[in-house]
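Survey of secondary and tertiary structure
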Amino acid sequence: TVSPTINHRDSPEFVVSAFTLGVSHPAGFPTYNLLAKAFTFFPFGSIAFKVNLFSAFFACMTLVTLYAAAIRFLVLVYPDEDRTRFFGPALLSAGLLAFSAPFWFHSLVAEVYTLHSFFISLILLLLLLWREKDDVRYLYSAALMYGLSSGNHATMAFLLPAILVLYFCWNRQNAARHLLISVLFFLIGLSVYGYLPIRSLAEPSMDWGNPETLKGFLYHVTDRKDADTHFSYFRDSAVGAETVTVSLWVSAVLGKIWNVARTFLTDVWTHLTPLATLGFLAGAALCWKRNRPLFVFTFLIVAINAAFFVGWRKESYFSSYIVVCLFTAVALFAVLFRDKEPKGPKEKKVC
């Protein structure tokens, strides 16, 4: 079902910027353009089809890494359980994302969202492996991928609070040293943004914003074009300046938080099925009970993403969808796959 040609919205722009190695609209998307360019060398199909195929490929890779991350997630939530029982709930939860309408659609056209989803699930997998294997190389790999992923979608910055919480909860020895090395790996990945001024100087046919000057570069990577819309839902006061009181302000903020939560859950109910909504809530409660750092980490990802994209939803919620799938795997395991028999040697029946 991959589209054979260009689609609407940003699709034509990304086809052109990938093929010509140009500069896309803010924040530039250098990682996307460099990786998608490789697909344009395939000896079949039109340029548009090949860039669309890039989205389909990374949609599949997202599901593979999500499946692996769900197994690792279950290992940390249920460390004493039979791991062979984790495959079923991990596969079912990944299927919820695979067959959701927004994810399927964006796997068919030239867009950054399937690559964005792949990086999120990959970083989650590497962090979970770091904890499970107690191998710092997974942490450094996650830091490198985090920097590289920021060159695909700048909203990866919203993962930083969650990652820092997890890091300081899980890293008790040599925390400063490991953090410094992780920052270095992150900067190596983030250096992909050097692509923007280099390509802009070459004057490609797609050169949005001309980011070859320092001012133009900063304007581009900080997405000043749409900066006024960032968290605007929370900036807009719900009460007039003349009548505002502490109680009214608190009431307004709580009302907006409730609306964000309701909007998010409605979106999940619509696009990931009611099962995912119930699985998300039940799995979150189980994760809170069994592994608090892991719960706080994943909850922050959902909370910040839902607040930022409350007016966008669907594909903008993909990072939250991934967390929903992880929590659903926890709930499915508890209900359908967990061994209900008590552990330990069984008593022999006496005739």
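The structure under discussion appears in the preceding block.
The following paragraphs examine the structure supplied in this document. Values in this document were obtained by computation on a predicted structure and should not be read as measured data.

1. Examining the overall build of the protein
A count of helical and extended segments in the protein gives 16 helices and zero strands. Against the 2.2 N^0.38 benchmark of 20 Å for 351 residues, the protein shows a C-alpha radius of gyration of 22 Å, consistent with a compact globule. Its C-alpha atoms put the protein at 90 × 65 × 45 Å along the principal axes. For the protein, the residues scored as buried account for 50% of the 351 residues in total. The long-range fraction of contacts in the protein, counting pairs at least 24 apart against all pairs at least 6 apart in sequence, stands at 72%.

2. Here's the deal with the nonpolar core
Counting residues in hydrophobic clusters, the biggest one holds 87 residues, and the most contacted among them are Tyr32, Phe73, Leu127, Phe264, Leu294, Phe297 and Phe327. For Phe297, the contacting residues outside a window of four places in its chain are Leu124, Leu127, Ala162, Ile163 and Leu166. By size, the runner-up hydrophobic cluster in this structure holds seven residues, among which are Ala27, Tyr195, Phe217 and Val221.

3. Regarding unusual backbone geometry
Backbone torsion omega between Pro26 and Ala27 reads 10°, so that peptide bond is classified as cis. Positive phi, normally seen in glycine, also occurs at Asn174, with a value near 55°. In this fold, Asn174 is placed in the loop between α8 (160-170) and α9 (175-190). Although it is not a glycine, Asn210 adopts a positive phi angle of roughly 50°. Counting through the fold element by element, Asn210 comes out in the loop between α10 (195-201) and α11 (214-221). Exposure remark for Asn210: the relative accessible area of 35% places this residue in the partly exposed category.

4. Concerning the packing of helix α3 (residues 47-77) against helix α6 (residues 113-133)
One can describe the packing of α3 onto α6 by two numbers: an axis separation of 8 Å at closest approach and a directional angle of 25°. Between α3 and α6, the interaxial angle falls into the category roughly parallel. Considering how the two elements wind past one another, α3 and α6 form a crossing that is left-handed.

5. Overview of the environment of Leu148
Of note, Leu148 is situated in helix α7 (residues 136-150). Exposure remark for Leu148: the relative accessible area of 26% places this residue in the partly exposed category. Between the C-alpha atom of Leu148 and that of Val192, which follows or precedes it by 44 residues, the distance is 6.7 Å. Residues in contact with Leu148, not counting those within four places in the same chain, are Thr31, Phe119, Gly189, Leu190 and Val192.

6. With respect to the pattern of salt bridges
Within this structure, the stated rule accounts for five salt bridges. Glu132 is the salt-bridge partner of Arg72, the closest N and O atoms lying 2.4 Å from each other. Here the residue Arg72 occupies a position in helix α3, and Glu132 occupies one in helix α6, the gap between them amounting to 60 residues. Residue Arg72 is classed as buried on the basis of its relative accessible area of 17%. Within this structure, Arg72, Arg83 and Glu132 form a network of salt bridges that share partners.

7. Observations regarding the side chain of Asn291
Relative to the assigned elements, Asn291 resides in the loop between α14 (273-290) and α15 (292-308). Within the local environment of Asn291, its side chain forms a polar contact with the backbone oxygen of Leu76, the two atoms lying 3.5 Å apart. Polar contacts involving the side chain of Asn291 include one to the main-chain amide nitrogen of Leu294, which spans 3.2 Å.

8. Thoughts on the state of the cysteines
For the coordinates displayed, the defined rule picks out zero disulfides. Not part of a disulfide, Cys287 finds its nearest cysteine sulfur in Cys169, a span of 12 Å. Here Cys325 stays unpaired: no disulfide links it, and the sulfur of Cys287, its closest cysteine neighbor, is 15 Å away.

9. Notes on the side chain of Lys50
Looking at the element boundaries, Lys50 is found in helix α3. Glu111 provides the closest opposite charge to the buried, salt-bridge-free Lys50, at an N-O distance of 20 Å. At 2.8 Å, the side chain of Lys50 forms a polar contact with the backbone oxygen of Phe42. Setting aside chain neighbours within four positions, we find Lys50 in contact with Phe39, Thr40, Phe42, Phe44 and Gly45.

10. Some remarks on the packing of aromatic side chains
According to the stated counting rule, one finds 32 aromatic pairs in the structure shown. With centroids separated by 5.7 Å and ring planes inclined at 15°, the aromatic side chains of Phe295 and Phe299 adopt a geometry described as stacked. Of this pair, Phe295 and Phe299 both sit in helix α15, four residues apart, which is roughly one turn of the helix. Accessibility expressed as a relative area gives 15% for Phe295, which makes it buried. Seen from their ring centres, Phe308 and Phe309 are 4.6 Å apart, and the 80° between their planes marks the pair as edge-to-face. For the pair shown, Phe308 and Phe309 are each scored as buried. Every member of this aromatic cluster is reached through a ring pair, and the members are Phe14, Phe29, Tyr32, Phe39, Phe42, Phe44, Phe54, Phe57, Phe58, Phe118 and Phe119. The ring centre of Trp288 lies 3.8 Å from the NZ or CZ of Arg292, which sits over that ring.

The rules we used
- Residues numbered from 1 in each chain as written.
- Predicted model: local features only at pLDDT ≥ 70, side-chain atom pairs only at ≥ 80, totals over all residues.
- Heavy atoms only, no water.
- Helix = DSSP H or I, 4+ residues; strand = E, 2+ residues; numbered from the N terminus.
- Rg over C-alpha atoms; globule rule 2.2 N^0.38 Å.
- Buried < 20%, exposed > 50% of the residue type's maximum accessible area, 1.4 Å probe, protein only.
- Contact = heavy atoms within 4.5 Å.
- Core = buried A, V, L, I, M, F, W, Y, C linked by side-chain atoms within 4.5 Å.
- Axes fitted to C-alpha atoms, helices over the stretch in contact; angles between N-to-C directions.
- Parallel < 35°, antiparallel > 145°, perpendicular 65-115°, else oblique.
- Left-handed = near helix turned anticlockwise from the far one by under 90°.
- Salt bridge = Lys/Arg side-chain N within 4 Å of Asp/Glu carboxyl O.
- Polar contact = N/O pair within 3.5 Å; in protein donor to acceptor, adjacent residues only side chain to side chain.
- Disulfide = S-S within 2.5 Å.
- Lys, Arg positive; Asp, Glu negative; His and termini not counted.
- Phe/Tyr/Trp six-rings, centres within 6.5 Å; stacked < 30°, edge-to-face > 60°.
- Lys NZ or Arg CZ within 6 Å of the ring centre and 35° of its normal.

These figures come from the coordinates and say nothing about function on their own.
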